Amino acid sequence: AVENTSRMLNIFWNAYRFALPYMVLDGFGGDKTDLSRYEKSLRIEDRWILSRINSLIGDVTEEMEGYQLHRIVRSISDFILEDLSRWYIQLVRPRTWIEQDDPDKLAAYATIYEVLVKLSQIMAPFTPFLSESIYQNLVRGLNQSAPKSVHMCAWPEADRARIDRNLEESMSLVREISMAAS
């Protein structure tokens, strides 16, 4: 269990380390981190991962309120390993290589930023130092108006408008087909 958790946390760190250098090189920060600026440029995979992170926030909140803490680790781990790392990062990687200030690339950055910020906030009670490190380097590094610590942030609320269960189910089917074909 410790080895699996360590592996999952390492993958979370690598997902964060994948995005940050590209964002810094491209001057992504400040008001550019506002996801609402890119609504029209969001691809289906962006809408899917945003739906998944908001579903995760809802699930983790419910599990915490019900004192079902053992379920939270599984939910977060599945999200990081399967949804974020094995699927979304792989889909979005080519978009980060575009050289100009393309709206498609900026939408990918804003989506990754949103997901990593929310993920660091829900992981803060369980991995306080890792979450703080990611928050300081990502959020405080790119958006100086943010709270000074992840532990000073309000608990994230699931954005019900972003949750699309049909899209989540459809993407799950696409992933199954993709895995069967490879």
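Coordinates for the structure precede this section.
Since the structure is predicted, the reported quantities are computational estimates derived from the model, not experimental observations.

Analysis parameters
Residues numbered from 1 in each chain as written. Predicted model: local features only at pLDDT ≥ 70, side-chain atom pairs only at ≥ 80, totals over all residues. Heavy atoms only, no water. Helix = DSSP H or I, 4+ residues; strand = E, 2+ residues; numbered from the N terminus. Rg over C-alpha atoms; globule rule 2.2 N^0.38 Å. Buried < 20%, exposed > 50% of the residue type's maximum accessible area, 1.4 Å probe, protein only. Contact = heavy atoms within 4.5 Å. Areas by Shrake-Rupley, 256 points an atom, 1.4 Å probe, with all protein chains shown as cover. Core = buried A, V, L, I, M, F, W, Y, C linked by side-chain atoms within 4.5 Å. Phe/Tyr/Trp six-rings, centres within 6.5 Å; stacked < 30°, edge-to-face > 60°. Salt bridge = Lys/Arg side-chain N within 4 Å of Asp/Glu carboxyl O. Expected span 1.5 Å × (residues − 1). Polar contact = N/O pair within 3.5 Å; in protein donor to acceptor, adjacent residues only side chain to side chain. Axes fitted to C-alpha atoms, helices over the stretch in contact; angles between N-to-C directions. Left-handed = near helix turned anticlockwise from the far one by under 90°. Nonpolar A, V, L, I, M, F, W, Y, C, P; charged D, E, K, R; others polar. Parallel < 35°, antiparallel > 145°, perpendicular 65-115°, else oblique.

*Asks:* Could you clarify how one ought to interpret the overall build of the protein in this entry?
*Replies:* Each helix and strand in the protein was counted, giving 6 helices and 0 strands. Put simply, the protein runs from its N terminus to its C terminus through helices and strands in the order α-α-α-α-α-α. Here the C-alpha radius of gyration of the protein, 16 Å, is about what a compact globule of 182 residues would show, namely 16 Å. For the protein, the spread of C-alpha atoms along the three principal axes comes to 45 × 45 × 35 Å. When the 182 residues of the protein are sorted by exposure, 49% land in the buried category. If you take every contact in the protein between residues at least 6 apart in sequence, the share linking residues at least 24 apart comes to 76%. Per element, the accessible surface of the protein, about 9700 Å² overall, is 53% carbon and sulfur.

*Asks:* Would you mind showing me how to read the nonpolar core here?
*Replies:* Counting 56 residues, the largest nonpolar core has Ile-76, Phe-79, Ile-80, Leu-84 and Leu-119 as the members making the most contacts within it. Elements that contribute at least two residues to this core include exactly α1 (2-25), α2 (44-65), α3 (69-92), α4 (103-123), α5 (128-142) and α6 (165-181). Once residues lying within four places of it in the same chain are set aside, the contact partners of Phe-79 are Ile-49, Arg-52, Ile-53, Leu-56, Leu-84, Val-115 and Leu-119.

*Asks:* Quick question: what am I supposed to make of the packing of aromatic side chains here?
*Replies:* Any aromatic ring pair is given by two values, namely how distant the centres are and how the planes are angled relative to each other. On inspection of all chains with the given rule, the structure shows 4 aromatic pairs. Joined through ring pairs, the aromatic side chains of Phe-28, Tyr-109 and Tyr-113 make up one cluster.

*Asks:* Explain the pattern of salt bridges here, please?
*Replies:* Per the stated rule, a full pass over the model turns up 16 salt bridges. A salt bridge links Arg-162 to Glu-39, with the shortest nitrogen-to-oxygen separation between them at 2.3 Å. Remark: Glu-39 occurs in the loop between α1 and α2 and Arg-162 occurs in the loop between α5 and α6; sequence separation between them is 123 residues. Of the charged contacts, one joins Glu-82 and Arg-86 as a salt bridge, the two residues approaching to 2.3 Å between their closest N and O atoms. A residue pair is termed a helical-turn pair when its members lie 3 or 4 positions apart in one helix, as Glu-82 and Arg-86 do in helix α3 at 4 residues. The class for Arg-86 is partly exposed, based on a relative accessible area of 42%. Salt bridges sharing common partners tie together Arg-52, Glu-82, Asp-83, Arg-86, Arg-165, Glu-168 and Arg-175.

*Asks:* Teacher, can you tell me more about α4 here?
*Replies:* Residue pairs spaced three or four apart in an α-helix point in one direction, given the helix's 3.6 residues per turn. Spanning 21 residues, α4 covers 30 Å between terminal C-alpha atoms, matching the ideal 30 Å at 1.5 Å per step. Most of α4 is tucked away: 19 of the 21 residues are buried. In this structure Asp-102 caps α4, since a side-chain oxygen of it lies 2.9 Å from the backbone nitrogen of Asp-104.

*Asks:* For this particular structure, what's the right way to read the packing of α1 against α4?
*Replies:* Between two packed helices, the angle of one axis relative to the other and the distance separating the axes together describe the packing. Following both chains from N to C, one finds α1 and α4 inclined at 145 degrees, their axes separated by 11 Å at the closest point. Our pair here, α1 against α4, has a crossing hand that is left-handed. Contacts between α1 and α4 involve Leu-9, Phe-12, Ala-15, Tyr-16, Phe-18, Ala-19, Tyr-22 and Met-23 from the first element and Tyr-109, Ile-112, Tyr-113, Leu-116, Leu-119, Ser-120 and Met-123 from the second. Grouping the constituent residues of the contact of α1 with α4 by class yields 14 nonpolar, 1 polar and no charged.

*Asks:* Can you walk me through the packing of α2 against α6 in this structure?
*Replies:* Between α2 and α6, the least distance of the axes is 9 Å, while the angle of their chain directions is 115 degrees. Here α2 lies roughly perpendicular to α6, going by the angle between them. Helix-helix and strand crossings are classified by hand; for α2 and α6 the assignment is left-handed. Taken together, the residues of α6 that come into contact with α2 (itself represented by Ile-44, Glu-45, Arg-47, Trp-48, Ser-51, Arg-52 and Ser-55) are Arg-165, Leu-167, Glu-168, Met-171 and Arg-175. Here the contact of α2 with α6 is built from residues that sort into 4 nonpolar, 2 polar and 6 charged.

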